[in-house]
Amino acid sequence: MDFEAVIGLEVHAQLLTKSKIFCSCPTAFGHGDNENVCPVCTGLPGALPVLNKQVVDFAILTGLALNCKIQKHNIFARKNYFYPDLPKGYQISQYEEPICLGGKLTFLVDGNEMTVGVTRIHMEEDAGKNTHHGEFSLVNLNRSSVPLLEIVSEPDMRTPKQAGEYLRALRSVLLYLGVCDGNMDEGSLRCDANVSVRTRGAEKFGTKVELKNINSFRFVEKAIEYEIGRQIDLIEQGQKIVQETRLYDPDKNRTVGMRSKEEAHDYRYFPDPDLLPLRLSDEWIDGVRKQLPELPYEKMNRFATQFGLPRYDAQILTQSRDLAQYFETAVKRSNNPKGTSNWIMSELLRVLNDQKKEVADSPVNADQLGDLVRLIDQGQMSGKIAKGIFEDLAAGKFSNKTVEQIVKENGLVQVTDTKAIEAVIDKIIAANAGQVEQYRSGKDKLFGFFVGQVMKEMKGQGSPTVVNDLLKKKLKGE
Amino acid sequence: MSLLDQGIFEIAKKVRSGEVSAKTVATEALARAKNKNKELNAFITLTDDQALEQAEKVDRMVSQKRDPGLLAGVPVGIKDILLTKGVRTTAGSKILENFVPPYSSTVVEKLEAAGAITIGKTNLDEFAMGASNENSAFGPVKNPWDTSRVPGGSSGGSAAAVAARLVPGAIGTDTGGSIREPAAFCGLTGIKPTYGRVSRYGVVAFASSLDQVGPMTHSVQDAALMLQAISGKDPKDSTTAVQAVPDFSKALVKNVKGFKVGLPKEYFADGIEPEVRAAVDNAIAVLKSQGAEIVPLSLPLTSHGIAVYYLIAPCEASSNLARYDGVKYGHRSKDSKDLMDLYCRSRGEGFGAEPKRRIMLGTFALSSGYYDAYYKKACQVRRLLRDDFVKAFKQVDVIAAPVATGPAFKLGEKADDPLAMYLNDIFTLPPSLAGIPALSVNCGFTKSGLPIGFQLMAKHWDEEKIIQAAFTVEQNLGLAPRRPHGF
């Protein structure tokens, strides 16, 4: 039988607000256990929540970026369950009336456009963190009440690859908006996957399984891949899929049953009487809309048309707002989009990756890179010298100097003086009589050899165009 | 005459003028409370040290000619459900028996800022769940007018403390009648303000959409004064309103000229004891003689109040009480073998019968499959009930009614019959559900000497009107001054 998977993702994004969602405690990490807490986020008797407006702004911004309908009437609901990291015995979330409904996200999968529906986005508070120490457990409530957005997709994905690309595209949007740092390893971006399989062409969905604990980008596709295989195996053995929650174990690359539907929580959602319904005015929503930046997919399309770049280049250059900005700044100096793109993709990204640095901390700034590309194009510098300067910059030399200053201070000015170049060419021709003979009798390939020899003699400082022109003439005997 | 027999207004005046020191008043109140508490069990905790310290601060301000506030040197009792920093706050429950809060409720802060002296924390039904104060983990409270009878609940300790003149005023909370019913049973004035008038921050939550803090005093004037001190928007409580707080003392007018007073027939049906009916009718006659026009009307949904309330309040309570889990503070069972066991034992040992009953009711009614039929339906009926009041207040300024069908009942009389106890709230629940202000003012006594309460309601934010009507009744009723025998 031929099977197809049906995949939907639930993503939790921790918001980059300064304070928590219902109190003024800082959201910052790295503080001592239970230091960033107050009566509200530790669930003391009598404490009451007060909504942080920045959270609403971020939710609206995210909703607009994902083409959602922003709901003007919002209700916060209590999700009731017992766990030591949940100090009130309920989580304040949104249930029946979330802030965003009905959106979509478009992205590329292997160069092909794909659109996945966004069912809803809602605001909620995070829980604290339990740690277990053999005989006893400890609860740290620093994270309690840190704001989250839950972004739920439609079950529109059919392959692990599509799910992975959706998650990457979503992360990219959140980073563009500046609402989340997108760090999966640290848990500021978390992903649960709903996975089911059915025979290809079937209308009805199969029984879905919820995968939890996919806490790294690397594991999203692997976990789903494993789960699809597990389900297909069961069906082929004539067994039924049980609706349940399964945990992904990255060490063993498998999923393990956690709880089935029968023992699932009844969360007893109801509107939180401590928070009045939140009403959003058109002015509020429009005010946030003005902050909406150009988004990754739009930017990619613009880069492709405006700069005539291949979509592949455009996609890579727009994966982060900083990188796209870097490219646009560099292009202004170089006036050569494809050349700039090549340098960024082959040289800059390699260096950043090696040095584990973000674009914002790049040792080579966009002006420097743009200038290098331009000077090569103008024939004022060979690629080799440019590469040398680039590597020196990457190694931390010449920081903050312009390429022009570097060239001047290090005597790297390109030799365009025809007399000086002619003298070298004459010398090379005289020293390689045999090769000259072969060239003249039709072995054109040898031209590169002569260029190399001349450049070597000139320590790479000869202008390539002038060298080429003069060499051609001389070799022809002109 | 003891200083404590004088009302809040008089005491504050004397302290402010320097005629009496706050310390003298506080010392006398503490001594009297200690002496009488054995009989009444009105206080769970007395706060000697803090009270004297606070009194000295007030006296210092007086000697430095700084304004010590509206309630300068007035000793008050605080229902032990409002958090007091550094002073244990039990909510009448074993589960919070040793809970010492690290912060104070907004109301307590406001009272202190106004110069009031907290003498102690008053007894109550556990988590304010009850109408007789028999549901306290710290024992029942006795009614000073007849110590074989209940003081009413859940603010029974506050009511008894004021009635016995241990303090001239106390703070109560009212979720479905918990200020008005004990005020009626103890012969006091008790105001449940408009929902949103007074901050709930730092008040242990029972039913968040209904809970409201208010004053319990001898006179209407004192109640107005105390309400003045605690009202207003609190940035820490999203459900408080930006609504300006009027000067309630301006409403202390002895007549109700131009008032239309509504009498909903559903509140005057059979089942009211004749002595109560007569006293209430007498109060209505006073209003009429002082210029009011009496308007008969109907609030047809009244009888649904109990069903609606006993769904919404337990639903909210089941969630509000989830935080008492033995993990962070409060009672933790010593013998638990795992997490589930810790929860079950800690809560099983910590909560009394009434909270358990309501947690189960609420948990059931919120469960998936029942939510629509119970909680949601109750919210819809609540809305209609509120609309009925809004409509009625287009016709009338205040609505008059009894507070309860009878006077204070015997200790133990209804203790084993939760339903009979719930039915006791029939006249006080609808205003709570509607969120409108309502008060109870004494309107007489039974032949056997038990106080009878008269209830007045007004539209949202119209506390002034019920204060004016209550003041008119109080000032023109011509009741001879009385005090409970032995107190």
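Residues numbered from 1 in each chain as written. Chains lettered and ligands numbered in written order. Predicted model: local features only at pLDDT ≥ 70, side-chain atom pairs only at ≥ 80, totals over all residues. Heavy atoms only, no water.

**Q** Looking at this model, I keep getting lost on the domain arrangement of chain A. Mind explaining?
**A** Many structure descriptions define interface size as the accessible area lost when the parts assemble. All names here are of chain A. Domain annotation for chain A reports domain 1 (3-288), domain 2 (296-409) and domain 3 (418-475). On a C-alpha basis, the centroid separation for the pair domain 1 and domain 2 is 37 Å. Contact residues are listed per partner, giving 8 residues for domain 1 and 11 residues for domain 2. Both sides of the domain 1 and domain 2 interface together cover about 840 Å² of buried area, and 56% of this is carbon and sulfur. The interface formed by domain 1 and domain 2 includes 1 salt bridge. Connecting domain 1 to domain 2 are 4 residue pairs in polar contact (both at pLDDT 80 or more). Among the secondary structure elements, those contributing two or more residues to the side of domain 1 that touches domain 2 are β6 (100-109) and α2 (160-177). (Domains from an automatic or database assignment. Contact = heavy atoms within 4.5 Å. Buried area = accessible area lost by both parts, 1.4 Å probe. Salt bridge = Lys/Arg side-chain N within 4 Å of Asp/Glu carboxyl O. Polar contact = N/O pair within 3.5 Å; in protein donor to acceptor, adjacent residues only side chain to side chain. Helix = DSSP H or I, 4+ residues; strand = E, 2+ residues; numbered from the N terminus.)

**Q** So what exactly am I meant to see when it comes to the nonpolar core here?
**A** What tends to happen in soluble globular proteins is that the nonpolar side chains get buried as a cluster. Within the largest apolar cluster, 227 residues are counted, with the highest numbers of intra-cluster contacts made by L9 of chain A together with F454 of chain B. Apart from the residues within four sequence positions on either side, L9 of chain A is in contact with I151, V152, S153, M157, A163, Y166, L167, C191, D192, A193 and I224 of chain A. Counting 39 residues, the second largest nonpolar core, distinct from the first, contains L317, L323, F327 and L372 of chain A. (Core = buried A, V, L, I, M, F, W, Y, C linked by side-chain atoms within 4.5 Å. Buried < 20%, exposed > 50% of the residue type's maximum accessible area, 1.4 Å probe, protein only.)

**Q** Just checking my understanding: could you explain the packing of helix α5 (residues 296-306) of chain A against helix α7 (residues 321-334) of chain A for this structure?
**A** Packed helix pairs are characterised by how far apart their axes lie and by the angle those axes make with each other. All names here are of chain A. Where α5 meets α7, the closest approach of the two axes is 12 Å, and the angle between their N-to-C directions is 25°. Comparing the axis directions of α5 and α7 gives the class roughly parallel. Handedness of the α5/α7 crossing: left-handed. Facing α5, whose interface residues are K299, R302 and F303, α7 presents A324, F327 and E328. Residues of the contact of α5 with α7, tallied by class, amount to 3 nonpolar, no polar and 3 charged. (Axes fitted to C-alpha atoms, helices over the stretch in contact; angles between N-to-C directions. Parallel < 35°, antiparallel > 145°, perpendicular 65-115°, else oblique. Left-handed = near helix turned anticlockwise from the far one by under 90°. Nonpolar A, V, L, I, M, F, W, Y, C, P; charged D, E, K, R; others polar.)

**Q** Help me out: how do you make sense of the packing of aromatic side chains in this one?
**A** The description of an aromatic ring pair uses the distance of the two centres, along with the angle that the planes make with each other. Following the criterion strictly, the structure yields 31 aromatic pairs over all chains and no others. Look at Y267 of chain A and Y269 of chain A: their rings are 6.0 Å apart centre to centre, the planes differ by 65°, and that puts the pair in the edge-to-face class. Accessibility expressed as a relative area gives 18% for Y269 of chain A, which makes it buried. Ring centres 5.6 Å apart and planes at 75° place the aromatic pair F270 of chain A and Y375 of chain B in the edge-to-face group. Taken together, the residues F270 of chain A in strand β15 (residues 270-271) and Y375 of chain B in helix α12 (residues 372-395) connect one chain to another. (Phe/Tyr/Trp six-rings, centres within 6.5 Å; stacked < 30°, edge-to-face > 60°.)

**Q** Honestly, the sheet that holds strand β11 (residues 451-458) of chain B in this entry has me stumped. Any pointers?
**A** Strands pair in a sheet through their backbones, by hydrogen bonds, and they do so in one of two ways: parallel or antiparallel. Residues and elements named next belong to chain B. Strand order in the open sheet made by the 11 strands is β1-β3-β2-β4-β6-β5-β10-β11-β9-β7-β8, with mixed pairing throughout. Looking at the sheet topology across the chains shown, the edges are occupied by β1 (43-46) and β8 (293-297). The average undirected angle you get between the axes of adjacent strands in this sheet is 30°. Across 6 bridges, the pairing between strand β4 (residues 169-174) and strand β6 (residues 212-217) is antiparallel. By the bridge assignment, I171 is partnered in β6 with P215. (Pairing = 2+ DSSP bridges.)

**Q** Just to check I follow, could you spell out the sheet that holds β15 of chain A for this structure?
**A** Taking strand neighbours across the sheet as the criterion, the 3 strands line up as β5-β4-β15 (chain A) in an open arrangement whose pairing is antiparallel. The open sheet has two edge strands with one neighbour each: β5 (90-93) and β15 of chain A. For strand β4 (residues 77-80) of chain A and β15 of chain A, the ladder comprises 2 bridges, and the chain directions are antiparallel. When the bridges of β15 of chain A are listed, R78 of chain A appears paired with F270 of chain A. Running over the sheet, helix α9 (residues 305-320) of chain B touches β4, β5 and β15 of chain A and is turned about 60° from β4 of chain A.

**Q** Explain helix α14 (residues 447-457) of chain A here, please?
**A** Because the α-helix completes a turn every 3.6 residues, residues three or four places apart line up on one side. All names here are of chain A. Among all positions in α14, only F447, F450, V451, V454 and M455 are buried. Taken down its axis, α14 places every buried residue within 130° of arc, on the same side. On its buried face, α14 sits against α12 (418-431), α13 (433-440) and α15 (464-475). (Arc of directions from axis to C-beta.)

**Q** What is the right way to read the side chain of D272 of chain A from this model?
**A** Within the secondary structure layout, D272 of chain A lies in the loop between β15 and β16 (278-279). Every residue in contact with D272 of chain A, bar those within four places of it in the chain, is listed here: P49, F76, A77, R78, Y90 and I92 of chain A.

**Q** Would you take a moment to explain the pairing of strand β7 (residues 112-125) of chain A for this structure?
**A** All names here are of chain A. Taking burial as the measure, the 14 residues of β7 include 10 buried ones, the bulk of the element. Pairing analysis gives 9 bridges linking β6 to β7, with the strands arranged antiparallel. Counted as the bridge partner of V109 is N112 from β7. Pairing between β7 and strand β10 (residues 147-153): 7 bridges, direction antiparallel. Bridge pairing in β10 places E124 opposite L148.

**Q** Hey, could you run me through unusual backbone geometry in this one?
**A** For residues besides glycine, phi is generally negative; the peptide bonds are generally trans as well. Here the amide bond leading from G153 of chain B into S154 of chain B is cis, since omega sits at 5°, within 30 degrees of zero. Residue position: S154 of chain B is located in the loop between β3 (117-122) and α5 (156-163). Its identity is not glycine, yet S145 of chain A carries a phi of approximately 75°, on the positive side. Within the fold, S145 of chain A resides in the loop between β9 (136-140) and β10. On the basis of relative accessibility, which here comes to 1%, the residue S145 of chain A falls in the buried class. Non-glycine residue R268 of chain A carries a positive phi angle of around 45°. Mapped onto the elements, R268 of chain A comes out in the loop between β14 (254-260) and β15.

**Q** How should I be thinking about the domain arrangement of chain B in this particular structure?
**A** All names here are of chain B. Domains assigned within chain B are domain 1 (3-253) and domain 2 (303-378). Domain 1 and domain 2 are separated by 28 Å when their C-alpha centres are compared. Of the residues lining the interface, 19 residues belong to domain 1; the matching set on domain 2 comes to 20 residues. With both sides pooled, the region where domain 1 packs onto domain 2 buries about 1600 Å², and carbon together with sulfur makes up 65% of that total. Of all residues in domain 1, I95, M129 and F206 give up the largest surface area on contact with domain 2, accounting jointly for 39% of the area buried on that side. Taken together, domain 1 and domain 2 are joined by 0 salt bridges. Linking domain 1 to domain 2 there are 9 residue pairs in polar contact (both at pLDDT 80 or more). Classifying every residue of the side of domain 1 that touches domain 2 by side-chain character gives 10 nonpolar, 7 polar and 2 charged.

**Q** What should I look at first to understand the interface of chain A and chain B in this one?
**A** The interface is formed by 29 residues belonging to chain A together with 38 residues belonging to chain B. Counting each side, the surface lost to burial between chain A and chain B is near 2700 Å², with a carbon and sulfur contribution of 59%. When the buried surface of chain A facing chain B is broken down by residue, P45, F82 and R268 of chain A rank first, second and third, together holding 23% of it. Inspection of the region where chain A meets chain B yields 1 salt bridge. Residue R200 of chain B is joined to D274 of chain A by a salt bridge in which the shortest nitrogen-to-oxygen separation is 3.1 Å. Counting every contact that joins chain A to chain B gives 17 residue pairs in polar contact (both at pLDDT 80 or more). Sorting the residues of the side of chain A that touches chain B by element identifies β4 and β15 of chain A as the ones contributing at least two each. Among the residues forming the side of chain A that touches chain B, the class breakdown is 19 nonpolar, 5 polar and 5 charged.

**Q** I keep staring at the environment of E266 of chain B and nothing clicks. Help me out?
**A** Residue and element names in this part refer to chain B. The topology assignment puts E266 in the loop between β7 (260-264) and α8 (274-289). E266 sits 33 residues away from L299 along the chain, and the two C-alpha atoms are 6.6 Å apart. Dropping the residues within four chain positions of it, E266 is found in contact with L297, S298, L299, P300, T302 and F427.

**Q** Help me out: how do you make sense of the pattern of salt bridges in this one?
**A** Should the charged atoms of two oppositely charged side chains come close, the side chains can pair. All names here are of chain B. Within the structure shown, the criterion is met by 58 salt bridges over all chains. Where R277 meets D281, a salt bridge forms, and the shortest distance between an N and an O atom there is 3.2 Å. Of the two residues, R277 and D281 are both situated in helix α8; the distance of 4 residues between them amounts to about one turn of the helix. With a relative accessible area of 32%, R277 lands in the partly exposed category.

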